[in-house]
Amino acid sequence: MKPVCKDPEIGALLHAYELHALTDEETSRFEIHLIACEHCFNLVQGFQKQAALLLSDETVKALLTEANPEEQARPETVPGSLRQYLWPDIPLVFKPALAYLLILILIIPAYLGLKRTPENAIRTIQSIHLTPFRSVEENAFAKKTGLDGLIQFVFSDAVPGAQYDVRIVSEDERIIYHDKAFDRFDAYGTGSLLLPVAGMEPGRYSLVITDPRGEEPSNRETYHFSVN
Amino acid sequence: MDINQLLTRARAGDEEAEKALFQYLVVRFRLLAKRRIGVEDSEDIAQEACLTVLEKYKNETFTSGFEAWTYGVLKMKIGNYIQGTLHKRKHSVPAAESHPKLRTESEEPAHDLKIALILCLRKITKQNPLYARVLNFVHQGYKTDEICQRLGVTPNHYYVILNRGRKMLETCLEKGEIS
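Residues numbered from 1 in each chain as written. Chains lettered and ligands numbered in written order. Predicted model: local features only at pLDDT ≥ 70, side-chain atom pairs only at ≥ 80, totals over all residues. Heavy atoms only, no water.

### Some words on the nonpolar core
For the record, the criterion: We call a set of buried Ala, Val, Leu, Ile, Met, Phe, Trp, Tyr and Cys residues a nonpolar core when their side-chain atoms join them within 4.5 Å. The buried label applies to any residue whose accessible area, calculated with a 1.4 Å probe on protein chains only, is under 20% of its type's maximum; exposed applies above 50%, and partly exposed to all values in between. Secondary structure counts use DSSP, requiring at least four H or I residues in a row for a helix and at least two E residues in a row for a strand, with both numbered from the N terminus. For the domains described, the bounds stem from an automatic or database domain assignment. Should any heavy atoms of two residues lie within 4.5 Å, those residues are counted as being in contact.
Judged by nonpolar contacts, the single largest core of 78 residues is most densely connected at Phe30(A), Leu54(A), Leu25(B), Phe66(B) and Tyr158(B). Here the element with the most residues in this core is helix 2 (residues 15-37) of chain B; it accounts for 11 residues. Composition of this core by domain shows at least three residues from each of domain 1 (3-88) and domain 2 (100-175) of chain B. Setting aside residues no more than four positions away along its own chain, Tyr158(B) makes contact with Ala21(A), Val134(B), Val138(B), Thr144(B), Ile147(B), Cys148(B) and Val153(B). Ranked by size, the runner-up nonpolar core spans 24 residues in total, among them Val154(A), Ile168(A), Phe182(A) and Val227(A).

Here's what the structure looks like:
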C-alpha cells in the first residue's frame, strides 16, 4: 500500500523545502514531519538529485533567466549594514532605530531637567570665615564677581536659640545690617549671614555681635572685613 | 511501519522493533544531516544522533512528540559538528585544506538526468510559465514573502504552484512528456 501524507498542510511545503525556500522555523516543522511521514520522506529522498540540479546548475539558471527576461535580480542587501541593522524587515514596533529614537525622546528632557535643576536652585557664593584669632588671610569679598557673600563668624559661649544683637557697620559709621534678635548660632557658637556684596560700597566694614544679657565690654565681639 | 508503533514495541522490550527503529531513524537523519553539512560527515552525525536516541528514548518523556525530540537530538549533533568545524578552521593551519566544507554535494547528478531535466524545464516553461517564474525568483534569491508579493498570491497558493510544477517535472522526467 502506497503511503499517504500524514499532514497535508505541512506536506504542502515539500517542494519549497527542496528548493531551500522555507524560513528556519518552517524548515524545522517540515523536517520533524519528514521523520514521521513516510510519503514525504520518500518524495524528498527520490528527488534529491533533481532538486540539487534545479538549485545549483548554471544551465538551469540560464534557462530560467532566459524564460523570464523581464524579472530583475533581487537587489543585494549588504549583510550587517547599518541601515539593515537599524531598520530591518520586521514589524514596525521591533525596529531598533525606532527604539533608539524613543529612548532619546524620553532621555533628553530627563537629562536636561536634571542638569538645570541644581543650576537654578543653587547659586554660587563667595564666603569668608571670621574667627577670634588673628589670621594672615585677608577677610575680603570681591565685589566684581557679582556673587553674594556668606560671612561666617564665631561668638564665644553663644547659646543656640538665644537672641543676640548683630550689626554690620561701615567705616563712616553707617549701619548696613542690623538684627536685634539674631538666633542662628549653632552648638559651636558659629553663625552665618548672607550679604548682597554686589550692592555694597567698596571699603572696610565691622561686624559687631553683642549679647544683650551680658556685661559690657565683655559681651561684645567685633570682626573686620572688607569689600574690594 | 509507523514510527510511533515501532517506539511502543521497542519501549516494551522488543529488540527487533528497536533495530527497526534505529534503521528507520538513521536513513532520515542521514538525509537531514546531508542537507546541512554535506555528504562527508552526514553518516557519522546520523549514527551518533541515533545512538543518543537509543540510549535515552526509554526513559525520556516526549512533550512535543517522539519525532520532534529525535529531531532536537539531531539538530544538537549538527550544531556541535558545525561549531567543532568552525573551531578547527579557526585554529588549524592551513585552514582551507584541513576542514570539510559545511555544504557540499559531492554526488554529482548524472549527466543524463541533467539533460532530461533541462528538456523538461523547457517544456514546463511553455506550459506552466508561473512555475518557471517562481523557480527564477528562487534562483534570484527572493524570499517566500517577496515572491508572493510579486506574484500577488498567498503563501498557500505559492506552495500549490510549486508542488504542481514539481509534479509536472516528475511526470516529464518519468515519461518524457507532460501529460
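Alright, that's what it looks like, and here's the rest.
### As for the state of the cysteines
Counted only if it meets this: We call a pair of cysteine sulfur atoms a disulfide whenever their separation is within 2.5 Å.
Per the counting criterion, the structure on display carries 1 disulfide over all chains. Each disulfide pairs two cysteine sulfurs, and for Cys120(B) the partner residue is Cys172(B), the sulfurs being separated by 2.1 Å. Linking Cys120(B) and Cys172(B), the disulfide has an S-S dihedral of approximately -90° and is accordingly described as left-handed. You can see Cys120(B) sitting in helix 6 (residues 111-127) and its partner Cys172(B) sitting in helix 9 (residues 155-175), a full 52 residues away along the chain. For the pair formed by Cys120(B) and Cys172(B), the shared burial category is buried. Take Cys5(A): it sits in no disulfide, and the sulfur closest to it among the cysteines is that of Cys40(A), at 3.7 Å.

### Digging into the sheet that holds strand 2 (residues 140-141) of chain A
Quick reminder of the rule: Here, any two strands with at least 2 DSSP bridges between them count as paired.
Strand order in the open sheet formed by 5 strands is 2-8-7-4-5 (chain A), and the pairing between neighbours is mixed. At either end of the open sheet lies a strand with only one pairing partner, and these are strand 2 and strand 5 (175-182) of chain A.

### Let's talk about the packing of helix 6 of chain B against helix 7 (residues 129-140) of chain B
Two numbers describe a pair of packed helices, the interaxial angle and the distance between the axes. All names here are of chain B. The criterion, for reference: Axes here mean lines fitted to C-alpha atoms, for a helix over just the part in contact, with angles spanning 0 to 180 degrees between N-to-C directions. Side-chain classes are defined by residue name, with Ala, Val, Leu, Ile, Met, Phe, Trp, Tyr, Cys and Pro counting as nonpolar, Asp, Glu, Lys and Arg as charged, and the others, Gly among them, as polar.
Two elements in contact, helix 6 and helix 7, have axes separated by 5 Å at closest approach and are oriented at 115°. Residues Leu121, Ile124, Thr125, Lys126 and Gln127 of helix 6 lie in contact with helix 7, whose contacting residues are Pro129, Tyr131, Ala132 and Leu135. Per-class residue counts for the contact of helix 6 with helix 7 are 6 nonpolar, 2 polar and 1 charged.

### Here's the deal with helix 1 (residues 3-11) of chain B
All names here are of chain B. Cut-off, in case you're wondering: Directions are taken from the helix axis to each C-beta atom, and the arc is the one they span. Pairing of N or O atoms within 3.5 Å defines a polar contact, subject to two protein rules: one partner must be a possible hydrogen donor and the other a possible acceptor, and residues neighboring in sequence count only if both atoms are side-chain atoms.
Looking only at helix 1, the buried set comprises Ile3, Leu6, Leu7 and Ala10. Axial view of helix 1: buried residues confined to an arc of 100°, hence all on one face. Among the residues of helix 1, the N-terminal cap falls to Asp2, whose side-chain oxygen and the backbone nitrogen of Asn4 are separated by 2.9 Å. Backbone geometry just after helix 1 places Gly13 at a positive phi near 105°.

### A short note on the sheet that holds strand 3 (residues 149-154) of chain A
All names here are of chain A. An order of 1-3-6 is seen for the 3 strands of this open sheet, with the pairing classed as mixed. A strand with exactly one partner marks an edge of an open sheet, and here the two such strands are strand 1 (126-130) and strand 6 (190-195). Pairwise comparison of adjacent strand axes, ignoring direction, gives a mean angle of 15° for this sheet.

### Structural notes on the packing of aromatic side chains
All names here are of chain A. Defined as follows: Here a Phe, Tyr or Trp ring, Trp counted by its six-membered ring, pairs with any other such ring whose centre lies within 6.5 Å, and the pair is stacked when the planes are under 30 degrees apart, edge-to-face when over 60, and tilted otherwise.
Taken as a whole and assessed by the stated rule, the structure comprises 14 aromatic pairs over all chains. Where Phe153 meets Phe185, the ring centres are 5.8 Å apart and the plane angle is 85°; that geometry is what we call edge-to-face. Taken together, the residues Phe153 in strand 3 and Phe185 in the loop between strand 5 and strand 6 connect sequence positions 32 residues apart. Phe185 matches Phe153 in its accessibility class, with the two residues each being buried. On the numbers, 5.8 Å between centres and 20° between planes, the contact of Tyr205 with Phe225 is stacked.

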